[in-house]
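The chain contents come next:
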Amino acid sequence: MKFIISSTAFSARLQALGRVVTSKNSVSILECFLFDIHDKKLTLTASDNENTLTSVLDLQEQDGDIRFAVNAKKMQEAMKSIPEQPLEIYVNEQTLEITVAYQNGQYRFTAQRADEYPVPPSLDGDITELSLPTARLVAAVSRDLFATADDTLRPVMNGVYFDVTDGRVSFVASDGHKLACSSLLDTAPGQEGSFILPKKPAGLLKSLFNKDDELVTVRFNMQSAVFSTSSATLTCRLIDGHYPNYRSVIPTANPNEATLNRQALLSVLGRVMIFSNVNSALVKLTFDAGSLSVSSSDIDFSMSAEEKMLCDYKGMPLRIGFKGPYLSELLTNLESEEVTFRLADGTRAGVIVPAEQPQGEEVLMLLMPMMLND
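In this report, the structure presented in the accompanying data block is examined. What you see is a predicted model; the values in this text were computed from it and never measured. (Residues numbered from 1 in each chain as written. Predicted model: local features only at pLDDT ≥ 70, side-chain atom pairs only at ≥ 80, totals over all residues. Heavy atoms only, no water.)

Along the chain, N373 falls in the segment after strand 26 (361-367). With 52 residues separating them along the chain, N373 and G321 place their C-alpha atoms 10.0 Å apart. (Helix = DSSP H or I, 4+ residues; strand = E, 2+ residues; numbered from the N terminus.)

Structural data, given as structure tokens:
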């Protein structure tokens, strides 16, 4: 049998699915993409036994139905450098020999039978379902992903927590030092539920679902979650456990507020952190009327740095210390031109939010302070 497909669309989809496949797998068939050709559509599947990604492509031509599996790495490498053109792919249904014909040449290799390829379990039991704007879902997860932990003792901290309650969907990530929370307001009326999405599928969402005008349907139970659009479906196993009460660690009484340019502060931090102690990476922020002083030092090597910048500050003079790389990473994952620091004192967590929140959203970052010895 034969089918024809666009080379660039085919290659782009293979690259996205390839993120699921692991190089060394105990089940050899999982090192392959599953091809399922039916009704002028090609359904591609990649799986690592915990995450299964399925994507559908339209075919320009097809003269039969067939299922087979192809080594993922070889297929990705072979397709990625072919310029835009129709690919003619021939499949010998008896031997599963594949011939990929393009403008100036051809590839020939042998596929595998698809009988052993695992099928993801279907959701059953108590299922919660909601629809979210795709671009906003991806933006929220991408914004928070940096704050997830790598903690073997507390695996619940190693993913993004989806909290569906009070007519909003909140996405939370924390490693105990920093916390990121992005909420989509008025998107889940009447829905209640929660789950912890592991880091790998959370990262896959960034590369898969990015159409501004499309909705993604999210269905989940206690064990699994399914994210689906018109062209792709991601099924993933969830992290088992109870996520800590993140709301209890967010301070609400913060009488001191400073609003300043985010990119300017990132530039200052980049210069000042060079002279901080390599072990602590401590950066001191001193807030006063109309200005912020950013400083660091390393007494072991007799070096220090200090730089001042303008800011709109309301409150009592205040000094607070943060781990420089954490603060820089947090600011990098905010998109607004200006940010607002909400502070109580130098010993309690600092809350950092966009000076102007995205429409229909609420974004909040939290960073624990470091002790100042002077």
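Okay, back to it.
What follows is about helix 5 (residues 262-272). Among the residues making up helix 5, those that are buried are R262, L265, L266, V268, L269 and V272. Buried residues of helix 5 fall within an arc of 165° about the axis and therefore sit on the same side. Contacts made by the buried residues of helix 5 are with strand 18 (256-261), strand 19 (282-288), strand 20 (291-298), strand 21 (303-310), helix 6 (324-332) and strand 24 (338-343). Where helix 5 starts, the residue carrying a side-chain oxygen 3.1 Å from the main-chain nitrogen of Q263 turns out to be N261. (Buried < 20%, exposed > 50% of the residue type's maximum accessible area, 1.4 Å probe, protein only. Arc of directions from axis to C-beta. Contact = heavy atoms within 4.5 Å. Polar contact = N/O pair within 3.5 Å; in protein donor to acceptor, adjacent residues only side chain to side chain.)

A cluster of nonpolar side chains, namely I274, F275, F301 and M303, defines an oily patch on the protein surface of about 400 Å² accessible area. By the element assignment, F275 lies in the loop between helix 5 and strand 19. Judged by relative accessible area, F275 falls into the partly exposed class, the value being 32%. (Patch = residues over 30% accessible without salt bridge, like charges linked within 9 Å, V, L, I, M, F, W, Y side chains within 5 Å. Areas by Shrake-Rupley, 256 points an atom, 1.4 Å probe, with all protein chains shown as cover. Salt bridge = Lys/Arg side-chain N within 4 Å of Asp/Glu carboxyl O.)

Now for unusual backbone geometry. With a phi angle near 55°, D166 is a residue other than glycine that sits in the positive phi range. Mapping D166 onto the fold places it in the loop between strand 11 (159-165) and strand 12 (167-174).

Quick look at the pairing of strand 21 now. Summarising the sheet, strand 20 and strand 21 pair through eight bridges and their orientation is antiparallel. Pairing of L292 across the sheet is with M309, part of strand 21. Between the antiparallel neighbours strand 20 and strand 21 lie four residues, among them S302 with a positive phi of about 50°. (Pairing = 2+ DSSP bridges.)

Attention now moves to the nonpolar core. Residues F10, F68, F171 and F227 are the most contacted members of the largest nonpolar core, which totals 63 residues. For F10, the residues in contact, after removing those within four places along its chain, are I5, F35, L42, L44, L57, M75, M79, L87 and I89. Judged by nonpolar contacts, the second largest core, of 34 residues, contains A147, V268, V272 and F287. (Core = buried A, V, L, I, M, F, W, Y, C linked by side-chain atoms within 4.5 Å.)

Time to look at the pattern of salt bridges. Per the stated rule, a full pass over the model turns up 19 salt bridges. Note that D163 is salt-bridged to R247, the shortest N-O span being 2.9 Å. In this pair, D163 is assigned in strand 11 and R247 in the loop between strand 17 (232-237) and strand 18, connecting sequence segments 84 residues apart. Overall, the relative accessible area of 41% leaves R247 in the partly exposed class. Two residues, R168 and E362, come together in a salt bridge whose shortest N-O distance is 3.4 Å. With R168 in strand 12 and E362 in strand 26, this pair connects stretches of sequence that are 194 residues apart.

This paragraph deals with the packing of aromatic side chains. For the structure on display, the rule yields twelve aromatic pairs. An angle of 45° between the planes, with centres 5.3 Å apart, marks the rings of Y102 and Y107 as tilted. In this structure Y102 comes out as partly exposed when scored by relative accessible area, which is 25%. Here F287 and F341 contribute two aromatic rings whose centre-to-centre distance is 5.9 Å and whose plane-to-plane angle is 50°, an arrangement assigned as tilted. Taken together, the positions of F287 in strand 19 and F341 in strand 24 put the pair 54 residues apart, joining distant regions of the chain. Three or more aromatic residues link up through ring pairs in this structure, and these residues are F162, F171, F195, F220 and F227. The cationic tip of K178 hangs over the ring face of Y326; the distance from NZ or CZ to the ring centre is 4.1 Å. Looking at K323, its charged tip hangs above the ring of Y326, at a distance of 5.8 Å from the centre. (Phe/Tyr/Trp six-rings, centres within 6.5 Å; stacked < 30°, edge-to-face > 60°. Lys NZ or Arg CZ within 6 Å of the ring centre and 35° of its normal.)

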